[in-house]
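Structure assessment
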Amino acid sequence: MRYKGFLYLFFALLGLLLLRLVKIQILDHEQYLKQAEKNYIKPLRVPPLRGKILDREGRVLADWKPIFRISVLGEKTTKEGLLELSRLLHVDIDPDTIIGRPGYIRIKDGASLEEVISVEEREDRFPWIVVSTIPTRRYLYDGAFFHLLGYTGEVSPSDLEKDPNYRPGDIIGKSGVEKEYEEMLRGKPGYKFYSVDATGKIIETDPRPPILPVKGKDIVLTVDLGLQLYADSLFSDYRRGVAVALDPRNGDVLLFYSKPYADPNVLSMGISREEWKKLLERKDNPLLDRCIAGLYPPGSIFKLVTGAIALDLKLVRPHDRPVVCRGAYKMGNRLWRCWLPSGHGALDFYHAIEQSCDVYFYYLGQKIGLARFLKYVRNFGLQEKLGIDLPGEKGGFIPDMAWYEERYGKGRVPEGLVLNLAIGQGEILLTPLDLAFLTALISRDSTVTPHILKANPEKLSWHRAPVEGSILEHIRRGMYLVVNGEEGTGVNAQIEGIEVAGKTGTAQNPHGKEHALFAAFAPYEDPQIAVVVIVENAGHGGSFAAPIAGKLIERYLKGKENAEK
């Protein structure tokens, strides 16, 4: 009986074992096969080709180039090996963040050929390394397009939290167009597979078919390559400045230039913390996009707004000569100086703009009054972001009465503040993009939200000036005289064969010499370009900014003529 009982138990156990084998070998075959494959087939994430960035004529501004990437199989690495690799590649590696992590982990992009050879010569010590060739961003014109295009870099922890499609080591747009249109440009990664042994050494390439990456979309911008490079050459003698040009007919941004700048190719390859800190601490702030985030007093350019308000309120007629400029304007017990100590005499509206007479606009400011002035100015919408398709835009700063009352106390706000504001000094601050938009608005009575990406005309957002077109016509006539009149302050912007209208400005700067400003549009009868130039710490706008603006307008319009012939 005991023998039979033993046999029964034996055959029962054997049956259970056979059932278990059937389950493992047949029923759960796929599951265990996948687990086995994970142990020896390791996927390597292959980054896609990033979409090209092109100018308005289809000329390439950013594409890609191949570089060497060195990655390690985290679950097979050793601390000693990683420390040796760190010394060999001259990169900081924290073994604790790598050892045991599944899959391949990027260690260095842009490794030199010598470094690749050194690694491969030590294959016995680094069996868990793979060297691959990947595409990386290339900017063809270095810094001239830096603030517009931006740059790329490795995803941050916050990027990974926002989008689960990214993995550590992936590349993402960090600023400018690269960041704004990341979703279009980035493409989809692929995978290449390797068979590895117990040490992590590759024993077979492509044990299964690779998953090919999908290239990102190419995008076409509104900017003009030649105009941008020409602006860079015109600013060669100046340390800091900005130039923005729009097509007032459709809102296309033709020129988007800010100086100083950094090299996007260097930033995209990655820099050390020390180098990044030095860049952040530079006094000239090369990372600041002055076009959309630099706030400046608008200077005498803002006299155009003051004039439009006064005409709209019927406080003055264009041919009236309501005040005589003798070099100063008295309000209360204070004298407000004109920029011309000898004075301009009695001027009408057009010639007051032509000669940029401070006294004339002091008079208009007093007639309007501070509270009404601040209310009307806000109708132009410059205190809000314009909505350009770029990250980092700032709205202008235009205070209201509540702001002044908080500063001075209710009922104690000096009425004389309006005189300073009327000539573009004081607390009002605008970006160069704001000033270019204002110039475009004046040039044609209405214009479109500025945009960088070539847009479908049906999707354009139109803006009308808050005053009648007849009032803007008076403004334009004054701007014409600024460039073409006998006493015009902007004669240095004249172009043979093209009628330019503009307005000079000289903005106070508490940190040094005044900023030179100039705003203009052309041709006068059919405006196709509106441009604003600011040269920091240069002096008078008519002497330094106007010549640059004139040359930019000439380059663009005559370049178009030649292209159309």
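Everything numeric in this text was worked out from a predicted model, so none of it was measured. (Residues numbered from 1 in each chain as written. Predicted model: local features only at pLDDT ≥ 70, side-chain atom pairs only at ≥ 80, totals over all residues. Heavy atoms only, no water.)

Strand order in the open sheet formed by 3 strands is E1-E8-E9, and the pairing between neighbours is antiparallel. Two strands bound the open sheet, and with one partner strand each, they are strand E1 (41–46) and strand E9 (202–205). Strand-to-strand twist of the sheet, defined as the mean angle between neighbouring strand axes without regard to direction, takes the value 35 degrees. Sheet analysis places strand E8 (residues 190–196) next to E9, joined by 3 bridges and oriented antiparallel. Each bridged residue has a counterpart across the sheet, and for Ser195 the counterpart in E9 is Glu204. (Pairing = 2+ DSSP bridges. Helix = DSSP H or I, 4+ residues; strand = E, 2+ residues; numbered from the N terminus. Axes fitted to C-alpha atoms, helices over the stretch in contact; angles between N-to-C directions.)

Let us look at the confidence of the model for the protein. For the protein, the mean per-residue pLDDT works out to 90, and 92% of the residues sit at or above 70. Counting contacts from residues 31–38, a segment whose pLDDT is below 50, to residues more than four positions away or on other chains yields 3 contacts. (pLDDT = per-residue confidence, 0-100. Contact = heavy atoms within 4.5 Å.)

Attention shifts here to the nonpolar core. Ranked by size, the top nonpolar core spans 133 residues in total, and within it Leu148, Leu221, Phe373, Val533 and Leu552 carry the most contacts. Counting 22 residues, the second-largest nonpolar core is a separate cluster that includes Ile70, Ile93, Phe126 and Tyr194. (Core = buried A, V, L, I, M, F, W, Y, C linked by side-chain atoms within 4.5 Å. Buried < 20%, exposed > 50% of the residue type's maximum accessible area, 1.4 Å probe, protein only.)

As a further point, take the sheet that holds strand E19 (residues 501–507). Strand order across the open sheet formed by 5 strands is E12-E11-E21-E20-E19, with antiparallel pairing between neighbours. Across the chains shown, the open sheet's two edge strands, defined by having one partner strand only, are strand E12 (253–259) and E19. The mean inter-strand angle of the sheet, taken between neighbouring strand axes irrespective of direction, is 10 degrees. The pairing of E19 with strand E20 (residues 515–522) spans 7 bridges and is classified as antiparallel. If you follow Gly502 over to E20, its bridge partner there is Ala520. Helix H19 (residues 432–444) rests against strand E11 (241–246), E20 and strand E21 (529–535) of the sheet, and its axis sits at about 145 degrees to E21.

Turning our eyes to something else, we now look at the packing of helix H3 (residues 79–89) against helix H4 (residues 113–121). Look at H3 against H4: their axes get within 10 Å of each other, and the N-to-C directions meet at 155 degrees. Taken together, the axis directions place H3 and H4 in an arrangement best described as roughly antiparallel. Like other packed secondary-structure pairs, H3 and H4 cross with a definite hand, here right-handed. Listed contacts from H4 to Leu85, Leu88 and Leu89 of H3 are Glu115, Ser118 and Val119. Counted by class, the contact of H3 with H4 contains 4 nonpolar, 1 polar and 1 charged residues. (Parallel < 35°, antiparallel > 145°, perpendicular 65-115°, else oblique. Left-handed = near helix turned anticlockwise from the far one by under 90°. Nonpolar A, V, L, I, M, F, W, Y, C, P; charged D, E, K, R; others polar.)

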